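Structural features, examined
Take a look at the letters that make up each chain.
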Amino acid sequence: MLKAVIFDMDGTLLDSEPMHQKTVLMLLEKLKISSGEAYSEKLTGADYETIWENNIKKYNIVTPLDEILKMQNDITYGYFSETDFAEMPGVTAFLRSLSENNILTAVASSAPESIIDLVLKKLNIISYMNSVCGIESVKRSKPAPDLFVLAAERLGVRPENCIAIEDSFVGVTAAK
């Protein structure tokens with residue numbers, strides 16, 4: 001029996017993949033590396049750690065990964081703070097309907113929780129979410145199921161009583 005819906009954020013609640021691509025390119029520029037292919041389609045839905053592990057190898061970057069991830073999160077938070085964006089069509093109406101029918105909701109995203117909270121507040125949908133699970137809450141990112149399992153746990157719902165809303169291969173793999 002359906003008791004909860006767990007949403008990915010990027011690509012499901014808002015069309016943010018182009019925004020993430022832009023922030024990766026902004027950091028590459030800051031690192032004085034020029035490339036138009038730093039954020040390939042195969043990395044859609046991946047967390048920043050995976051993206052930057054790939055870029056460190058690809059471009060022989062010597063800056064430590066933890067430093068790059070902090071810079072990436074700062075750039076992303078700033079960019080998302082300053083950029084206007086809208087929800088995917090029908091998101092608020094769907095969340096309202098789920099709430100009216102006592103279906104719990106959560107976000108399980110490979111983004112940091114600070115960015116998830118920022119997005120949910122800007123979209124004015126944070127009040128519909130019963131839980132938010134970001135990358136720092138788990139050891140393994142998607143395609144591992146950890147984010148979805150944690151979201152179900154936080155909601156107090158067995159995973160088989162949840163459905164996931166996803167848009168990427170790694171996300172669907174994690175949800176399954």
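The structure this text deals with has already been given above.
Residues numbered from 1 in each chain as written. Predicted model: local features only at pLDDT ≥ 70, side-chain atom pairs only at ≥ 80, totals over all residues. Heavy atoms only, no water.

This part covers the packing of aromatic side chains. Summed over the entire model, instances satisfying the criterion amount to two aromatic pairs. Ring centres of phenylalanine 7 and phenylalanine 94 lie 6.1 Å apart, and the angle between their planes is 75 degrees; on these two criteria the pair is classed as edge-to-face. Residue phenylalanine 7 is found in strand E1 (residues 4-7), and its partner phenylalanine 94 is found in helix H4 (residues 91-100); the two are separated by 87 residues along the sequence. Judged by its relative accessible area of 4%, phenylalanine 7 falls in the buried class. (Phe/Tyr/Trp six-rings, centres within 6.5 Å; stacked < 30°, edge-to-face > 60°. Helix = DSSP H or I, 4+ residues; strand = E, 2+ residues; numbered from the N terminus. Buried < 20%, exposed > 50% of the residue type's maximum accessible area, 1.4 Å probe, protein only.)

Turning our eyes to something else, we now look at the pairing of E1. What you see with E1 is no split at all: Ala4 and Ile6 on one side and Val5 and Phe7 on the other are buried throughout. Summarising the sheet, E1 and strand E2 (residues 104-108) pair through four bridges and their orientation is parallel. Counterpart to isoleucine 6 in the pairing with E2 is alanine 106. Strand direction decides the pairing type here: E1 and strand E4 (residues 162-165), joined by four bridges, are parallel. Considered in E4, the bridge of valine 5 is made with isoleucine 163. (Pairing = 2+ DSSP bridges.)

With 23 residues, the main nonpolar core has Met9, Leu13, Val119 and Leu120 as its most contacted residues. If you list the elements that add at least two residues to this core, you get E1, H4 and helix H5 (113-122). Broken down by element, this core gets its largest block of residues, five residues, from H5. Every residue in contact with leucine 13, bar those within four places of it in the chain, is listed here: Phe7, Asp8, Glu87, Met88, Val91, Val107, Leu120, Leu123, Ile125 and Met129. Among the nonpolar cores identified, the runner-up in size contains 15 residues, and Ile6, Val138, Cys162 and Ala174 belong to it. (Core = buried A, V, L, I, M, F, W, Y, C linked by side-chain atoms within 4.5 Å. Contact = heavy atoms within 4.5 Å.)

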